[in-house]
Amino acid sequence: MLSSIAHVWETASSLNEPSSEEKYLGQFPVSFGAIAPFMADLDTTDGRGNVYYREDSSSDVLQLASDYIKRGFPETAFDPSSVVIVTWKLVAPYQAPGEDHTLEEKRNTFQAVLASSDSSSYAIFLYPEDSLQFYSTHSKNGDENIPAMVGFSQASTNYYFWEKPGAYNVIANDEDSIRNLHKSSNAGKQGVWVFEIGSSSDSIVPAKISSVLESLEANEEDQEMTSKPFMSDYGSTEITQQYITGSTDSTEEDQHLVTYSVPHPAAEDFLTSYQDVTETPSTESFYSPQNFPTAKAPPRQFRIQQFPPQPPQVIDVEEFDETGIVFRYHTDVQQTCANNRHQCSVHAICKDYPNGFCCSCIAGYKGNGRQCVAEGSPQRVNGKVRGRIFVGNNPVPVVFENTDLHSYVVMNQGRAYTAISTIPETLGYSLLPLASIGGIIGWMFAVEQQGYRNGFSITGGEFTRQTEVTFLGNNEKLVVKQKFSGIDEHGHLTISTEMDGRIPEIPSGASVHIEPYTELYHTSSSVITSSSSREYTVTEPERDGVASTYTGAYQWRQTISFDECIHDDSHHSAPATQQLSVDSVFVLYNRDEQILRYAMSNSIGPISDGSADINRNPCYTGTHNCDTNTVCRPGAGNRFFCECSIGFRGDGNVCYEAEKTKCQHEREVALGSGGAFFPRDVRVGHFIPQCDEYGNYLPTQCHSSSGYCWCVDRDGNEIDGTRSGPGVRPPCLSTATPPVVIRPSVRPDTIPLPPGTHLLFAQSGKIEHVPLEGNNMKKNGAKALLHIPDKVVIGVAYDCVDKMVYWTDISGPSISRASLHGGEPTTLIKTDLGSPEGIAVDHLGRNIFWTDSQLDRIEVARLDGRQRRILFDSGLVNPRAIVVDPVRGNLYWTDWNREAPKIETSYMDGTNRRILVKDDLGLPNGLTFDPYSSMLCWVDAGTKRLECMNPNQLGRRKIVEGIQYPFGVTSYGKNLYYTDWRRDAVVAVDRTISLENDNFQPHKRSRLYGITTAFAQCPGGHNYCAVNNGGCTHLCLATPGGRTCRCPDNTVGVDCIERN
């Protein structure tokens, strides 16, 4: 056992050595000299964290320590000659046997830095964000918990007949104050605490806090930090900090207070802007040594403070384990992937750089990393438009509010269609020349020539644009302000547009023609500028058979501002100047519908005069014949090939959505759905396929014009010999998935095993894998699949379709995933979690299920973490393992409630819940369902047994008894594989003969948690959610022989239909 306290050994005779931990833990002051950044009974056995320390006199570390100290003591000239760095990394609390496992998984990380010169010494305590996960430890002397302590204690002095306690200082000694250490500071930077501990005075002097904080403006980080909603008005609330010290001669009246104002969300019951702060001593008098409060004063309470943003600073500490990774403490935690992976798109990887992190879209996706869309996939843009525009010489402006803007982009052609609705006729025709109002969307998704990047690749659709249009001749001016806010929850880009100024009048009924044009875009340090002059031709309505025309012109200047990642040079790989080429410009105003339409084709590339366009590859000019949902891949010369976009299937010439069935796609094509902009008419006599509500072909297809009917298979192909004459419908069998038929169990030793399958298991901050060859573990091929330091991974699950591993982390807490093919992990869920433990993947319905043993509930969500829904939040005490049987639509889970352990089951939609096993259970930790033999098996750390049963039959079978401390279990072939905490191993058991036949112990010994089988091929079978999401708008949850459509929780304003 290790108590987290740094002892300061002095040469004076008054020093006492530490007594046993049982005597001083929970007591303060202690009899020996101590510096305590977190004094508690910590457990570092069996790999539960590490403690590193070193003395460092390198110039960069000395300078960094000096900078911290001068931040807290700005008037002090301090140049340290030596620095001692002590780091407690992922240390665990001491627990008595049999205590709640939830606390056991908590880990703390913190640092103490001691800097000394010839004349003085300072201590720096550093607490990263969310690094303190427990605040007390179990007492060795009783059943109570002992709160941790942060503070300083001088050694007591021993006299002949009595002992005089030394002076001491308590910084924090209860959960609230310790919890806020990383959010607060006495040096103006979150998580940083600075103290003078040795000078001409023996007193501990904290860093000086300015009387009023400089930053009075809440920002997004503060809102997230305080978990309070943003409110525009701020008052101020008084915070009283009581600093505790002690000596034998001090009195209770010595207590002093320091007060200051911090921003606080205004509330309705605030009667004044500021509360009165009276009769408080100055900061200087408070920190003078002779005015310390007494040891009897109540503990100092720290509240959340706000600080102006600071540049990241790093202290290097010891190497982490054997990996060679240097653990660094970032005082600006927002600058690392570990805490900001959620800022990247789910289709991006996050990479750390020395001064920050950057996001990059994975292969097959385009964007800036924070926002990514599938290459070649059509895009939609929605937004609102408002304006105040004078037309011609009219002294009264046309004012409009809350007008809808919708845009559709054929990405592989760079063609953008934009429609603005409810524009009055008095303004609509006059806006026709301003095609670039929608042209900004064309720039975002312009076809990229090799080495060049369109607007979305640069900005991710998150930017502001300010444009000034000057019409030549009468010098009218119009200012256009647009803000793009990225992709919303529906997968659409969002835009707001505001227009103000005066434009020339174009008569009602006129048409406008705009010739192709080019525009240069100059990029420099998060700003893009461009300017150009354009001409347009107006053809007025005919009068007496003659239509007059005239030409107008305007100058266009625009500035685009966006946030770019400055740490990755590849983000700046595009040339500083790029040329946007715009052609096939079409503008139209429909006076009946009051809709203004713009359409244009866009490409971006090098500066040219356009004369070489005829020789450019069709992929760059948009003249290819690929399907709308494809990526055009250029080849040599004018050759190219068409590749269906991610999420679509087909041969490239025809691609259809993976979630949209072939029948639905062919039906849309047959109906001639050309979109909302240019709809086509259905051709008379054309065959239109008929689909059922789930998107499957109806078994009987008929030609509406001729009356002939025939039977089709599940792919829509006509079955020979079934075509009948007009008016006669042949008897056809259903093409849909039949209901599941429960059959006898299959012997596991007769199941053919596909090669390439392996085991995945969690080992604290790592996920390792062991290849399987038949029923045997290839232990020499074992290796770490994923290294996730600072995390405690509990449950693991595998998606055999996309080859993704999913896991739960109780240190975050969070739910994440990563590809077996490489790439950075992606955090899917990190809010409203307590202690997520078990996790299961429904590879057919594309959902994940998980248990939360702290919130006592079971939830479901889509594989990307969206559309969360609570299935159960009652009747649960300690839910842990969870597995699914997607083919049969069943869900199984364990609850290791010590009073009444049980194994339960329900349909995957949460209905038909019932207890499956409740007798003769102890601590059912692990659970697995074998899709081949339909057997449900579990490991029990209480009964020390591994058992199996067929959920559809009575009775259970003991496979092995007398095992040590099993946690997770999985099945493959005739073997069951379980992890054991006592053996730190994966143990293989032949369930056909009830005998252990192998075990694997990783090179590094520590506890193993969840385990799963990564199948090389998905098990056979289907359910009703496997095709077109079962016809559901949101969650499709399988049931035996059917499915249920369910809406996620908190779906205000979302169109969702629930049905059974």
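Residues numbered from 1 in each chain as written. Predicted model: local features only at pLDDT ≥ 70, side-chain atom pairs only at ≥ 80, totals over all residues. Heavy atoms only, no water.

Identification of the chain as Nidogen 1 from Malurus cyaneus samueli is taken from an unreviewed UniProt entry.

## Here's the deal with the overall build of the chain
Definition in use: The helix and strand labels rest on DSSP assignments: H or I over at least four residues marks a helix, E over at least two residues marks a strand, and numbering proceeds from the N terminus. Think of it in three bands: residues with accessible area under 20% of the maximum for their type are buried, residues over 50% are exposed, and the middle band is partly exposed, with areas taken using a 1.4 Å probe on protein chains only. The contact criterion used throughout is that any non-hydrogen atoms of two residues lie within 4.5 Å. Areas reported here follow the Shrake-Rupley algorithm with a probe of radius 1.4 Å; residue values treat only the protein chains shown as occluding.
The helix and strand inventory of the chain stands at 12 helices and 71 strands. Out of the 1060 residues in the chain, the part that is buried amounts to 53%. Here the analysis covers contacts within the chain between residues at least 6 apart in sequence; of these, 57% occur between residues at least 24 apart. Of the accessible surface of the chain, which amounts to about 47200 Å², a share of 47% is contributed by carbon and sulfur atoms.

## What about the confidence of the model for the chain?
Interpreting fine coordinate detail is not advised for predicted regions of low pLDDT. So the rule is basically this: Confidence of the predictor at the level of single residues is given by pLDDT, which spans 0 to 100.
Averaged over all residues, the pLDDT of the chain is 77; the fraction at 70 or higher stands at 77%. Within the model, pLDDT remains below 50 along residues 1-15, and this stretch shows 51 contacts once partners closer than five positions in the same chain are excluded. Note on residues 210-334: pLDDT under 50 across the span, and 264 contacts to partners over four residues away in sequence or across chains.

## Points about the sheet that holds strand E61 (residues 924-930)
Going by this rule: One requirement defines pairing of two strands: DSSP has to find at least two bridges between them. The axes used here are C-alpha line fits, helices contributing only the stretch in contact, and every angle between their N-to-C directions lies in the interval 0 to 180 degrees.
Spatial ordering of the open sheet is given by E61-E62-E63-E64, a layout of 4 strands whose pairing is antiparallel. Lying at the two open borders of the sheet, with one neighbouring strand each, are E61 and strand E64 (957-961). Put simply, the sheet's adjacent strands are angled 20° from each other on average, direction ignored. Sheet analysis places strand E63 (residues 945-949) next to E64, joined by 4 bridges and oriented antiparallel. Considered in E64, the bridge of glutamate 947 is made with lysine 958.

## Here we look at unusual backbone geometry
Residue glycine 812 is joined to proline 813 through a cis peptide bond whose omega torsion reads -10°. Tracing the backbone through its elements, the reader meets proline 813 in the loop between strand E50 (804-809) and strand E51 (814-819). Look at glutamine 867: it is not a glycine, yet its phi comes out positive at around 60°. Mapped onto the elements, glutamine 867 comes out in the loop between strand E55 (857-862) and strand E56 (869-872). A residue is classified by how much of its surface remains accessible, and glutamine 867, at 16% relative accessible area, is buried. Positive phi, close to 55°, is recorded for aspartate 920, a residue that is not glycine. The topology assignment puts aspartate 920 in the loop between strand E60 (914-917) and E61. A residue is classified by how much of its surface remains accessible, and aspartate 920, at 45% relative accessible area, is partly exposed.

## Describing the pairing of strand E8 (residues 121-126)
Put simply, side chains in a regular strand alternate between the two faces of the sheet. Counted residue by residue, E8 has 6 buried out of 6 residues, so it is predominantly covered. Side chains of E8 alternate between two faces, with Ser121, Ala123 and Phe125 and Tyr122, Ile124 and Leu126 buried alike. In terms of strand pairing, strand E7 (residues 108-116) meets E8 through 6 bridges, oriented antiparallel. Looking at E8, one finds that alanine 112 is bridged to phenylalanine 125. Pairing between E8 and strand E15 (residues 192-198): 6 bridges, direction antiparallel. Paired with alanine 123 across the strands is phenylalanine 195, a residue of E15.

## What to know about the nonpolar core
The cut-off we apply is this: Residues enter a nonpolar core if they are buried and are Ala, Val, Leu, Ile, Met, Phe, Trp, Tyr or Cys, with the set joined through side-chain atoms within 4.5 Å.
In terms of nonpolar packing, the biggest core is built from 61 residues, with Leu427, Leu431, Leu434, Ile441, Trp443, Phe445 and Tyr598 touching the most fellow members. Excluding anything up to four places from it in sequence, leucine 434 contacts Val469, Phe471, Leu478, Tyr554, Trp556 and Tyr598.

## Let's talk about the state of the cysteines
We count it as follows: Only a pair of cysteine sulfur atoms within 2.5 Å qualifies as a disulfide here.
In this structure the tally under the stated criterion is 10 disulfides. Disulfide partner of cysteine 344: cysteine 359, at an S-S distance of 2.0 Å. With the S-S dihedral at roughly -70°, the linkage between cysteine 344 and cysteine 359 falls on the left-handed side. Of this pair, cysteine 344 sits in the loop between helix H7 (337-340) and strand E22 (348-353) while cysteine 359 is found in strand E23 (residues 356-361), placing the two residues 15 residues apart along the sequence.

## Quick word on the pattern of salt bridges
Pairs may arise between side chains of opposite charge once their charged atoms sit close together. Our working definition: Criterion for a salt bridge: a side-chain nitrogen of Lys or Arg within 4 Å of a carboxyl oxygen of Asp or Glu.
Under the definition given, this model contains 35 salt bridges. Between arginine 857 and aspartate 832 there is a salt bridge, and its shortest N-O distance comes to 2.7 Å. Linking arginine 857 in strand E55 with aspartate 832 in the loop between strand E52 (826-829) and strand E53 (836-842), this pair joins segments that are 25 residues apart in sequence. The class of arginine 857 is buried, set by a relative accessible area of 11%. Residue arginine 866 is joined to aspartate 864 by a salt bridge in which the shortest nitrogen-to-oxygen separation is 2.6 Å. Judged by its relative accessible area of 22%, aspartate 864 is partly exposed. What emerges from the salt-bridge pattern is a single network uniting Asp920, Arg945, Glu947, Arg956 and Glu961.

## What to know about the packing of aromatic side chains
Let me state the cut-off plainly: A pair of aromatic rings is counted whenever rings of Phe, Tyr or Trp (Trp by its six-membered ring) have centres within 6.5 Å, and the orientation is called stacked for planes under 30 degrees apart, edge-to-face for over 60 and tilted otherwise. Think of it as a cone above the ring: NZ of Lys or CZ of Arg counts as a charge over the ring if it is within 6 Å of the ring centre and within 35 degrees of the ring normal.
Under the defined criterion, the tally for this structure stands at 25 aromatic pairs. By the ring-pair criterion, three or more aromatic residues cluster together here, those being Phe38, Trp88, Phe110 and Phe134. Residue placement shows arginine 534 over the ring face of tryptophan 556; its charged tip is 5.0 Å from the ring centre. Between the NZ or CZ atom of arginine 723 and the centre of the ring of tryptophan 710, over which it lies, the distance is 4.2 Å.

## Quick look at the environment of leucine 976
Position of leucine 976 among the secondary structure elements: in strand E66 (residues 975-980). Spatially, the C-alpha atom of leucine 976 lies 9.7 Å from that of asparagine 775, the residues being 201 residues apart in sequence. In this view, leucine 976 contacts Thr928, Cys937, Leu946, Cys948, Ile959, Thr970, Ser971, Val987, Ala988, Val989 and Arg991; residues no more than four positions away in its chain are not counted.

## Some remarks on the pairing of strand E69 (residues 1011-1014)
Burial of the side chains of E69 extends over both faces: Ile1011 and Thr1013 are buried on one face and Thr1012 and Ala1014 on the other. Here strand E45 (residues 758-763) pairs with E69 via 4 bridges, running antiparallel. In the sheet register, phenylalanine 761 faces E69, and the bridge partner there is isoleucine 1011.

## Structural notes on the sheet that holds strand E57 (residues 879-885)
The sheet built from 4 strands is open, its strands ordered E57-E58-E59-E60 with antiparallel pairing. Since the sheet does not close on itself, it has two edges, and those belong to E57 and E60, each with one partner. Each strand of the sheet is rotated relative to its neighbour by a mean of 30°, with strand direction disregarded. For E57 and strand E58 (residues 890-895), the ladder comprises 5 bridges, and the chain directions are antiparallel. Considered in E58, the bridge of isoleucine 882 is made with tryptophan 893.

## What to know about helix H9 (residues 436-444)
Among the 9 residues in H9, 9 count as buried, and that is most of the element. Along H9, the residues that are buried comprise Ser436, Ile437, Gly438, Gly439, Ile440, Ile441, Gly442, Trp443 and Met444.

## What about the environment of asparagine 696?
As for its position among the elements, asparagine 696 is in the loop between helix H12 (662-671) and strand E43 (700-702). A residue is classified by how much of its surface remains accessible, and asparagine 696, at 17% relative accessible area, is buried. For the pair asparagine 696 and asparagine 1028, spaced 332 residues apart in sequence, the C-alpha separation works out to 8.7 Å.

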